[in-house]
Amino acid sequence: MFRVALDTPLRRLFDYLPPDLPEGAVGLRPGMRVRVPFGRRRLVGLVMEVGDSSELPAQRLKPVLEVLDAAPALEAPALELIRWAAEYYHHPVGQVLAAALPKLMRLGAGVTATEERWTVTASGREAAAAGEPRRAPKQRELLDFLLGRDGAAPAQSLSGNLTSWRDAARALEMRGWLERREVVLAPVAEPVRVRAAGPTLLPEQRAAVERVAAASGGYAAFLLEGVTGSGKTEVYLRLTEEALARGRAVLVLVPEIGLTPQLVGRFRERFAVPLAVLHSGLTDSERLAAWRAAWSGQARIVLGTRSAVFAPLPDLGLVVVDEEHDASFKQHEGALRYSARDLAVVRARLAAVPVLLGSATPSLETLHNVAVGRYTRLRLLRRPGVSQPPLLKLIDLRVSAIDAGISTPAALAIERHLAADAQVLVFLNRRGYAPTLLCTACGWIAPCRECDARLTVHLAAQRLRCHHCGADAPLPARCPQCGFAVKPVGQGTERIEAALGTRFPGVPIVRLDRDVVRRRGDLDEVVRRMSSGEARILVGTQMVTKGHDFPNVTLVVVLNADQGLFSTDFRASERLAQTIVQVAGRAGRGERPGEVLIQTEFPQHPLLVSLLERGYDGFAEAALAERLQASWPPFSRLAALRASAKTPDAALGFLSEARAAAGAPPRGLKLLGPVPAAMAKRAGRYHAQLLIESHERPPLHQFLDGWLPRVEASRSAQRVRWALDVDPLELF
Ligand SMILES: [Zn+2]
Ligand SMILES: [Zn+2]
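This one's a predicted model, so the numbers in the text were calculated from it and none came from an experiment. (Residues numbered from 1 in each chain as written. Chains lettered and ligands numbered in written order. Predicted model: local features only at pLDDT ≥ 70, side-chain atom pairs only at ≥ 80, totals over all residues. Heavy atoms only, no water.)

Asker: So what's going on with the coordination of the zinc ion (ligand 1)? Which residues, and what values?
Answerer: Summarising the metal site, the zinc ion (ligand 1) is bound by the protein donors Cys439 (SG), Cys442 (SG), Cys479 (SG) and Cys482 (SG), whose distances to it range over 2.2 to 2.4 Å. The site at the zinc ion (ligand 1) holds 4 donor atoms, and with the angles between them running 102 to 116 degrees, its shape is tetrahedral. Of the residues examined, Cys442 reaches a relative accessible area of 34% and is grouped as partly exposed. (Donors = N, O, S within 2.8 Å, 3.2 Å for Na, K, Ca; no water. Tetrahedral: all angles 85-135°; square planar, octahedral: opposite > 155°, others 65-115°. Buried < 20%, exposed > 50% of the residue type's maximum accessible area, 1.4 Å probe, protein only.)

Now the structure itself:
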């Protein structure tokens, strides 16, 4: 009896009999994929368990149709991780598996790489010797080509040397002169080589490396907290070297691969070993190839974003999560909403290896785990070389003259730093030219028809775009309501770039935001112009905080710190503090000290004050105290039931029915809502949520176990899109 996970919304495994094949079920074990009958369909599933008996009567059970793997596609700890995620996120195990496996493997592609080879048969050789085939020049050419290569060649080489050879090959195959075969390619185990020795470690770096290396015999979790530029990457590299030397593989998770080319580059430079890179930009066959390289043990290092946490790594020896505070580790869309950072810790525990979470601005959850003794904190306080931490100052926008978003003190500072031959970074977390298009006569504001949002002006492209749903329209010259002239109001990065160009004529300026990065070559060009010193001012969004090193930047100007100070989301202040510290960390990474100016209309705001006076540590301490008092995570546990529908009533109606299905919640558990989302209408759908708050984790999960099947069975569940989000990161 085999219990198989299938990609269906049903929260269970499915029982099957051993395959009705000559070889039977010899060697079929958990982790292997099988093809099975399911209703009228045939599905690819994965054996999760082997059991003795089924609850179903024997005559209703069907046999496995086909065994797809000769060895488990997922080894035991990876399989355990899937099971754990299904339980923790209350999601059908078959669907967790579907999120973990590459698409081509879900369709049946083998875990081992194969190659299509064409071989001349004995009768083919005889025929060729007799001068056949006489009247088919294409077939003749193909036969000669193969015989010139000892009678066999891979399809790839045929395609590279001959044109339209396939018809000829098929004709020859029909005559029994050629044979087509899929040959399994055995991975070539390459010796581990360190290409270049790293720099001498600072005492703090050495202590961190020694501490983690000493724990390599089992599970242990570490927070590697280091200010930007303190050399966290070097610690990752040394520990990777140490794990590779022990014959183990390393999993490195990063927030966004496209934005961290420097980290990937540093691993490639340091180690002459095959490295598999997994991210959302891969094609299906590239993803399959990377997965195979990891599975076969050929790739010794797997570097990737979120879903790489599920990658197969038979000899896993170390897990690294870089920038662990980054929100992109959380999958917040679709059906399975998981935190790759949290799963990475679970994966390390299941594989009994150390995990290292790195950040200059650790999440409050992680700091709490340190405080209660679950994680060990390792700190890198000094920056290598002589560089000094940057000096932060607030600019009070209520008393400073301001022109096109830039205050006079900020403009003077930019001038001063440019005169000293340094580079300047101007940060604004809003792309486009202006966030609003306004008619000054009638007050019309360009709205998005599909969202509760305004359209952003993109002047260079002459478009109006919605940053929430992607709606896109031509930029009108006049108000569609009254015909009067319209004007863009407020600042985006595109406008700041133009304003700085006017104020500092002749100074080369570059911009870095999602509009620029959309074209891959443009990102490289921006980075190149900043690194070479050719560009003097960089205007950018959040993106400038990710990975790129510009050592000659000595001034950072944060144009608007105020978004995030007054938000309904209790995590907004944490994100703001992290952004400010990360952006500030871009200043003075070389030998010159850095200066950071933060423009705000609320210079007395306690968050800004604690951040300036006591740094991120001081902020985190104050913020954790606040969370404790309000009983927010990490001092409580949350889950959100989210729904969206074509009408607000449908979304809220489903959640009300779900709330009613909960009855009286157990002690220590609260249901809050349902309420419409802060931006209720998005992309033409109305969003709402019901929040479940619990003091402890076990009662929450116990409650969800009993409640979700009732929610699923409710009549309105079919009429809305809904998902459960355990440990939601954003509340809206
Ligand atoms: Zn108007
Ligand atoms: Zn929209």
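Structure shown, so let's carry the discussion forward.
Asker: Quick one: what's the story with the sheet that holds strand 32 (residues 721–726), residue by residue and with numbers?
Answerer: Pairing is antiparallel in the open sheet, where 4 strands are placed in the order 30-31-29-32. Both outer strands of the open sheet, strand 30 (669–682) and strand 32, are each paired with one neighbouring strand and no more. Each neighbouring strand pair of the sheet contributes to a mean axis angle of 20 degrees, computed without reference to strand direction. Here 6 bridges tie strand 29 (residues 637–645) to strand 32, and the two strands are oriented antiparallel to one another. The residue bridging Ala639 from the neighbouring strand is Val726, located in strand 32. (Pairing = 2+ DSSP bridges. Helix = DSSP H or I, 4+ residues; strand = E, 2+ residues; numbered from the N terminus. Axes fitted to C-alpha atoms, helices over the stretch in contact; angles between N-to-C directions.)

Asker: Residue-level account of the environment of Pro354, with values.
Answerer: You can see Pro354 is positioned in strand 14 (residues 354–359). A C-alpha to C-alpha distance of 12 Å links Pro354 and Ala249, two positions 105 residues apart in sequence. Non-local contacts of Pro354, meaning those with residues more than four positions away in its chain, are made with Val212, Ala215, Ser216, Gly218, Ala220, Phe222, Gly317, Leu318, Val319 and Ala348. (Contact = heavy atoms within 4.5 Å.)

Asker: Summarise the nonpolar core; cite the residues concerned and give the values.
Answerer: By size, the foremost hydrophobic cluster in this structure holds 122 residues, and its most contacted members are Leu74, Leu253, Leu538, Leu641, Ile692, Leu704 and Trp707. Ranked by the residues each element gives to this core, the list is headed by helix 19 (residues 606–630), at 8 residues. Sequence-distant contacts of Leu704, defined by excluding residues within four places in its chain, comprise His90, Ala639, Ile692, Pro709, Leu724 and Val726. By size, the runner-up hydrophobic cluster in this structure holds 33 residues, among which are Ala220, Val235, Phe267 and Val277. (Core = buried A, V, L, I, M, F, W, Y, C linked by side-chain atoms within 4.5 Å.)

Asker: Tell me about the pairing of strand 13 (residues 316–322), and please be specific about residues and values.
Answerer: Along strand 13, 7 of the 7 residues are buried, which leaves the element largely enclosed by surrounding structure. Relative to strand 13, strand 10 (residues 249–253) runs parallel, the two sharing 5 bridges. Paired with Ala249 across the strands is Leu316, a residue of strand 13. Once the chain exits strand 13 it traverses helix 12 (residues 340–351) before rejoining the sheet at strand 14, and the crossover so formed is right-handed. (Right-handed = clockwise from strand over helix to strand, strands pointing away.)

Asker: Give me the side chain of Arg347: which residues, what numbers.
Answerer: Note on placement: Arg347 falls in helix 12. Taking relative accessible area as the criterion, Arg347 reaches 2% and is therefore assigned buried. In terms of polar contacts, Arg347 uses its side chain to reach the backbone carbonyl oxygen of Val309, at 2.8 Å. Residues in contact with Arg347, not counting those within four places in the same chain, are Glu75, Ala78, Leu81, Leu251, Val309, Phe310, Ala311, Pro312, Leu313 and Leu316. (Polar contact = N/O pair within 3.5 Å; in protein donor to acceptor, adjacent residues only side chain to side chain.)

Asker: Describe the sheet that holds strand 21 (residues 456–458), listing the residues and the values that go with them.
Answerer: Taking strand neighbours across the sheet as the criterion, the 3 strands line up as 21-22-23 in an open arrangement whose pairing is antiparallel. If you trace the sheet from one side to the other, it starts and ends with strand 21 and strand 23 (472–474), each paired once. With direction set aside, neighbouring strand axes in the sheet form an average angle of 30 degrees. As judged from the 3 bridges shared by strand 22 (residues 463–465) and strand 23, these two strands associate in the antiparallel manner.

Asker: Talk me through helix 13 (residues 364–371); I want residue IDs and the actual numbers.
Answerer: Across the 8 residues that make up helix 13, a large majority, 7, are buried. Packed against the buried residues of helix 13 are strand 9 (220–226), helix 12, strand 14, strand 15 (376–380), helix 18 (572–584) and helix 19.

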